Amino acid sequence: MATPTINTNTYAGKDLEGVIAQSVLRGKTIEQGLVTVHTDIDSRAVVKTMANTINVQDSGAAFNSAGSFSLDEKYLDPKKFMEAVEYDYSTLNATWYASQQPRGRAGDFTPPASLEEAIIEQQAGIRSKFIDASIWRGSVAAGDLSKITVSASSNIVTGLIPMMEAGSDVNKLDSGKVAMSAVTKASPAVVTVASTANLQSGDVVTLSSVVGSSGTDWSGQSGKSYAITVLSSTTFSIGLDTSGFTGTFTSGNIAFINSSNALSVLTSVYNGLSESVEDDADFYIYGNKGLGKAYSLAQASAANGAGSYYIGAKELDFLGQKMAILPFLPANTIVAANASNLHFGTALDAEWNNVAILPQYEATGDRTVRYRCDYAFDVNYTNGEDIVLYR
């Protein structure tokens, strides 16, 4: 089988701008317009916010200033990342021929025109998961995803949800947490709660406020989510090996959203929405796929007739509020916000951006090709008083 040819290419100018857009402006959050994208940030960008109140007074001859007006600002400081991969020619063969295979049933798939484009697209497809997860969870937590390892330690994107959690201006709603009375030191760990009546095998629970008798093994589980297997009326197991943990479990809670409580959870979020923005065209209730499935099951269960389970997929909303179901939001977490108050910043032509594809044969004699992509981005939110965070 002939080896496809590949040429040295270090992209620059408008070509670089297009390749960086293809490589960075990816993922459902960006592609569906669910955040505001800023693409001209060479260094720190300032996002201005304004808050004001009015004071309605009795009419009089004298001017009496009242009310308030204040300007504030938040920042987008793009964090620089690099990806570097070396392909051998056998891998390139597989990448090329896989890229040429037809996709889907519509017959409208256009394969990459060159091996360089196939490499860029293959890497961008995986990077889109990293960027999507980083927008919400932060770049470190994005490393929990399959096929992604994050070793960057000095450049860290905090993520919108951790920023909202830390922000004093965001309206926070606590979920109906369930206390854990015991967790075994075993693989898998077995959790005891008062009742598992509202839980089913396959549900995902999120641990919080976990305390152990010593060390940090137990407390380090706070914020982690696990699928469960119900074992009895009071116990379930999680995919966690605690046999080597220091000390023993002392206390902690779980949170979950499933078909048993999805309607009540969304009602709580709905009741907490800001009336000043809830009717805006860019206002969404954001949740992960677990929320979408739980809500769909709850609707089918509440509807008349078993045939409700066979109705095709539809765009979800809750009492008229649009829902954005995204793959990489943390489990059991909901955000209600305007897309215009959620910000993603990068630069398509900044000096640190670079995409290079470099065959090594002439330089070193190795039958390999190096791919390198340098890019940067950051996220932030504004007008936290108009945002609801349920967790």
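Shown above is the structure to which this text applies.
Residues numbered from 1 in each chain as written. Predicted model: local features only at pLDDT ≥ 70, side-chain atom pairs only at ≥ 80, totals over all residues. Heavy atoms only, no water.

Engineer: Would you mind going over the overall build of the protein chain in detail, with residue names and values included?
Structural biologist: When its secondary structure is counted, the protein chain shows eight helices and 20 strands. Here the protein chain holds 391 residues, and the buried ones make up 43% of them. For the protein chain, long-range pairs separated by at least 24 residues make up 77% of all intrachain contacts whose partners lie at least 6 apart in sequence. (Helix = DSSP H or I, 4+ residues; strand = E, 2+ residues; numbered from the N terminus. Buried < 20%, exposed > 50% of the residue type's maximum accessible area, 1.4 Å probe, protein only. Contact = heavy atoms within 4.5 Å.)

Engineer: Break down the sheet that holds strand 10 (residues 225–230) for me, with residues and values.
Structural biologist: Read around the closed barrel, six strands run 7-8-11-10-9-12, paired in antiparallel fashion. Across the sheet, the mean angle from the axis of one strand to that of its neighbour is 45 degrees, orientation sign disregarded. The sheet contact formed by strand 9 (residues 204–212) and strand 10 spans three bridges and is antiparallel. Across the sheet, the residue bridging to V205 is Y226, located in strand 10. (Pairing = 2+ DSSP bridges. Axes fitted to C-alpha atoms, helices over the stretch in contact; angles between N-to-C directions.)

Engineer: So what's going on with the layout of surface pockets? Which residues, and what values?
Structural biologist: Taken as a whole, the largest pocket holds about 1,200 Å³ of empty space. When residues of the lining of the largest pocket are traced back to their parent elements, those giving at least two are helix 5 (160–166), strand 9, strand 10 and helix 7 (289–302). Take the lining of the largest pocket: its biggest share by element is six residues, from helix 7. Partitioned by chemical class, the residues of the lining of the largest pocket number 15 nonpolar, 13 polar and nine charged. (1 Å grid on protein atoms, 1.4 Å probe; cavity = no way out; pocket = protein on both sides within 12 Å on 5 of 7 lines; lining within 4 Å. Points joined across faces, edges and corners; volume = space filled by probe spheres on them. Nonpolar A, V, L, I, M, F, W, Y, C, P; charged D, E, K, R; others polar.)

Engineer: Help me get a handle on the sheet that holds strand 6 (residues 171–173), residues and values and all.
Structural biologist: Spatially, 6-20-16-13-15-14 is the arrangement adopted by the six strands of the open sheet, whose pairing is mixed. Across the chains shown, the open sheet's two edge strands, defined by having one partner strand only, are strand 6 and strand 14 (317–318). Strand direction decides the pairing type here: strand 13 (residues 283–288) and strand 15 (residues 321–326), joined by four bridges, are parallel. Bridge pairing in strand 15 places Y286 opposite A324.

Engineer: Account for empty space enclosed by the protein, with residues named and values stated.
Structural biologist: With the rule as written, the count across this model stands at one cavity of 30 Å³ or more. What lines the largest cavity is M180, V183, V191, L207, V210, W218, Q221, I238, L240 and F249. For the lining of the largest cavity, a count of residues per class yields nine nonpolar, one polar and no charged.

Engineer: Provide a residue-level description of helix 6 (residues 262–271), including the pertinent values.
Structural biologist: Those residues of helix 6 lying buried are A262, V265, L266 and V269. Within helix 6, the buried residues cover an arc of 95 degrees as seen down the axis, which keeps them to one side. (Arc of directions from axis to C-beta.)

Engineer: Please give an account of a negative patch on the surface that cites residues and values.
Structural biologist: Side chains of D40, D42, D349 and E351 sit close together on the surface and give a patch of like negative charge. Structurally, E351 is set in the loop between strand 17 (342–345) and strand 18 (354–359). (Patch = residues over 30% accessible without salt bridge, like charges linked within 9 Å, V, L, I, M, F, W, Y side chains within 5 Å. Areas by Shrake-Rupley, 256 points an atom, 1.4 Å probe, with all protein chains shown as cover. Salt bridge = Lys/Arg side-chain N within 4 Å of Asp/Glu carboxyl O. Lys, Arg positive; Asp, Glu negative; His and termini not counted. Charge placed at Lys NZ, Arg CZ, Asp CG, Glu CD.)

Engineer: Could you give an account of the packing of aromatic side chains, with specific residues and numbers?
Structural biologist: Two measures describe an aromatic ring pair: the distance that separates the ring centres and the angle between the ring planes. Across all of its chains, the model carries 12 aromatic pairs by this definition. Residues Y270 and F318 carry aromatic rings whose centres are separated by 5.9 Å and whose planes lie at 70 degrees to one another, so their mutual orientation is edge-to-face. Taken together, the positions of Y270 in helix 6 and F318 in strand 14 put the pair 48 residues apart, joining distant regions of the chain. Looking at Y270, the relative accessible area reads 28%, which means it is partly exposed. Taken together, a centroid distance of 6.4 Å and an interplanar angle of 5 degrees make the contact between Y375 and F377 stacked. Taking the relative accessible area as the measure of exposure, Y375 reaches 2% and is therefore buried. Classification of F377 as buried rests on a relative accessible area of 0%. Ring-pair connections join several aromatic residues into one group, and the members of that group are F81, F130, F344, Y375 and F377. (Phe/Tyr/Trp six-rings, centres within 6.5 Å; stacked < 30°, edge-to-face > 60°.)

Engineer: How would you explain the pairing of strand 15 if you had to name every residue and give the values?
Structural biologist: Bridge analysis of strand 14 against strand 15 gives two bridges, and the strand direction is antiparallel. Looking at strand 15, one finds that F318 is bridged to Q321. The loop that links strand 14 with its antiparallel partner strand 15 comprises two residues; one of these, L319, has a positive phi angle of about 50 degrees.

Engineer: Provide a residue-level description of helix 7, including the pertinent values.
Structural biologist: Taking 1.5 Å per residue as the helical rise, helix 7 with its 14 residues ought to reach 20 Å, and the 20 Å between its terminal C-alpha atoms agrees with that figure. The set of residues buried in helix 7 consists of L291, G292, A294, Y295, A298 and A300. Where helix 7 begins, one side-chain oxygen reaches toward the backbone nitrogen of G290, 3.1 Å away; that side chain belongs to N288. (Expected span 1.5 Å × (residues − 1). Polar contact = N/O pair within 3.5 Å; in protein donor to acceptor, adjacent residues only side chain to side chain.)

Engineer: Explain the pairing of strand 13 to me, using residue names and the numbers behind them.
Structural biologist: Summarising burial for strand 13: six of the six residues are buried, a large majority. Along strand 13, one buried face is formed by F283, I285 and G287 and the opposite face, lined by Y284, Y286 and N288, is buried too. In this structure, strand 13 lies alongside strand 16 (residues 334–338), joined through five bridges in antiparallel fashion. Paired with Y286 across the bridge in strand 16 is V335.

Engineer: I'd like a rundown of the nonpolar core, residues and numbers included.
Structural biologist: I135, W136, M164, Y286, V335, L342 and F344 are the most contacted members of the largest nonpolar core, which totals 50 residues. Tallying contributions element by element places helix 4 (residues 115–136) first for this core, with nine residues. Among the nonpolar cores identified, the runner-up in size contains 20 residues, and L266, V269, V277 and V388 belong to it. (Core = buried A, V, L, I, M, F, W, Y, C linked by side-chain atoms within 4.5 Å.)

Engineer: Just give me the short version of the packing of helix 6 against helix 7, but keep the residues and values in it.
Structural biologist: Helix 7 packs onto helix 6 with a crossing angle of 115 degrees between their chain directions and a minimal axis gap of 9 Å. In terms of axis orientation, helix 6 runs roughly perpendicular to helix 7. When helix 6 is examined against helix 7, the residues A262, L263 and L266 are found in contact with a partner set consisting of L291, A294, Y295 and A298. Of the residues belonging to the contact of helix 6 with helix 7, the class tally is seven nonpolar, no polar and no charged. (Parallel < 35°, antiparallel > 145°, perpendicular 65-115°, else oblique.)

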